[in-house]
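One-letter residues, chain by chain:
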Amino acid sequence: MLTWQTILKLAKEGNHPAKKKVTKSEREWQALLPEDVFRITRLKGTERPFSSQACTVFTPGEYHCVCCNTLLFDANEKFDSRSGWPSFTQPAEVEAIAYLADHSHGMTRVEIVCNVCDAHLGHVFPDGPPSSGLRYCVNALSLVKNESE
Ligand SMILES: [Zn+2]
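Report follows, based on the coordinates. Nothing here was measured: the structure is a model prediction, and the numbers come from that model. (Residues numbered from 1 in each chain as written. Predicted model: local features only at pLDDT ≥ 70, side-chain atom pairs only at ≥ 80, totals over all residues. Heavy atoms only, no water.)

What follows deals with the overall build of the chain. A count of helices and strands for the chain gives three helices and nine strands. Each helix (α) and strand (β) of the chain, taken in turn from the N terminus, gives the series α-α-α-β-β-β-β-β-β-β-β-β. Taking 2.2 N^0.38 as the reference for a compact globule, 149 residues should give roughly 15 Å; the C-alpha atoms of the chain span a radius of gyration of 14 Å, in line with that estimate. Overall, the chain is about 40 × 35 × 30 Å in size when its C-alpha atoms are taken along their principal axes. Buried residues in the chain amount to 43% of all 149 residues. Counting contacts in the chain only where the partners sit at least 6 residues apart, residues at least 24 apart contribute 59% of the total. Within the structure as shown, the chain displays about 8,100 Å² of accessible surface, and the carbon and sulfur contribution to it stands at 52%. (Helix = DSSP H or I, 4+ residues; strand = E, 2+ residues; numbered from the N terminus. Rg over C-alpha atoms; globule rule 2.2 N^0.38 Å. Buried < 20%, exposed > 50% of the residue type's maximum accessible area, 1.4 Å probe, protein only. Contact = heavy atoms within 4.5 Å. Areas by Shrake-Rupley, 256 points an atom, 1.4 Å probe, with all protein chains shown as cover.)

This part takes up the nonpolar core. By size, the foremost hydrophobic cluster in this structure holds 30 residues, and its most contacted members are L72, F73, I97, Y99 and Y136. If you list the elements that add at least two residues to this core, you get α1 (4-13), α3 (35-42), β1 (61-65), β2 (71-74), β5 (97-102), β6 (109-114), β7 (120-125) and β8 (135-138). Ranked by the residues each element gives to this core, the list is headed by β6, at three residues. Those residues within four positions of L72 in sequence are excluded, and the remaining contacts are Y63, H64, C65, P91, A92, A96, I97, C114, L121 and L143. (Core = buried A, V, L, I, M, F, W, Y, C linked by side-chain atoms within 4.5 Å.)

Bringing the side chain of E111 into the picture now. Of note, E111 is situated in strand β6. With relative accessibility at 6%, the residue E111 sits in the buried group. Engagement of the side chain of E111 in a polar contact is seen with the side chain of H120, the distance being 2.8 Å. With near-sequence residues (within four places) excluded, E111 lies in contact with K44, A98, Y99, L100, D102, H120, G122 and H123. (Polar contact = N/O pair within 3.5 Å; in protein donor to acceptor, adjacent residues only side chain to side chain.)

Moving on, we come to the coordination of the zinc ion. Taken together, C65 (SG), C68 (SG), C114 (SG) and C117 (SG) make up the full set of protein donors to the zinc ion, lying 2.3 Å away. Around the zinc ion sit four donor atoms; with metal-centred angles ranging over 102 to 115 degrees, the donor geometry is tetrahedral. We note that the donor set of the zinc ion lies within a single chain, spaced as C-x2-C-x45-C-x2-C. On the basis of relative accessible area, C65 is assigned to the buried category, the value being 1%. The exposure class of C68 is buried, given its relative accessible area of 15%. (Donors = N, O, S within 2.8 Å, 3.2 Å for Na, K, Ca; no water. Tetrahedral: all angles 85-135°; square planar, octahedral: opposite > 155°, others 65-115°.)

What follows concerns α3. Looking at α3, one finds that the buried residues are V37, F38, I40, T41 and R42. Looking one or two residues beyond α3, the residue adopting positive phi is K44, at roughly 60 degrees.

Turning to the pairing of β5, a few remarks are in order. On a regular strand, one side chain projects to one face of the sheet and the next to the other, so that they alternate. Strand direction decides the pairing type here: β5 and β6, joined by six bridges, are antiparallel. Bridge assignment links A98 to a residue of β6, and that residue is V113. Hairpin connection between β5 and β6: a loop of six residues separates the two successive antiparallel strands, and H105 in this loop has a positive phi of roughly 60 degrees. (Pairing = 2+ DSSP bridges.)

Spelled out as structure tokens, the structure:
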């Protein structure tokens, strides 16, 4: 299980290598993605809180990267953070997500991105529920859900 200490170390010293990489230019992503998805995932935007129904959906399934379809989170790790953004306590696989120190807006936070295509997902915070104590705060627009069969 990933802990806050491990995440700080990854953000500082470098992330797990991804199984593969998907690389496109900003122009190519812009042509592929809806405008709001492009703004969030490629320009590091943030959707308005409570803008998505996905915050309160807890049915089984898998959440994949909207840009490259990599599996990022399992619905088993989703919880109701009441923050207005979909929230998870762990990624589906340790190397699915990369962690970057983010010093924007006068704060020091840990940005989370898809480790395969570098899509901006959101941030991770050390105020989640047990046992990991992590809260992955993710823009709903950066995820697509595949319902379990
Ligand atoms: Zn991706």
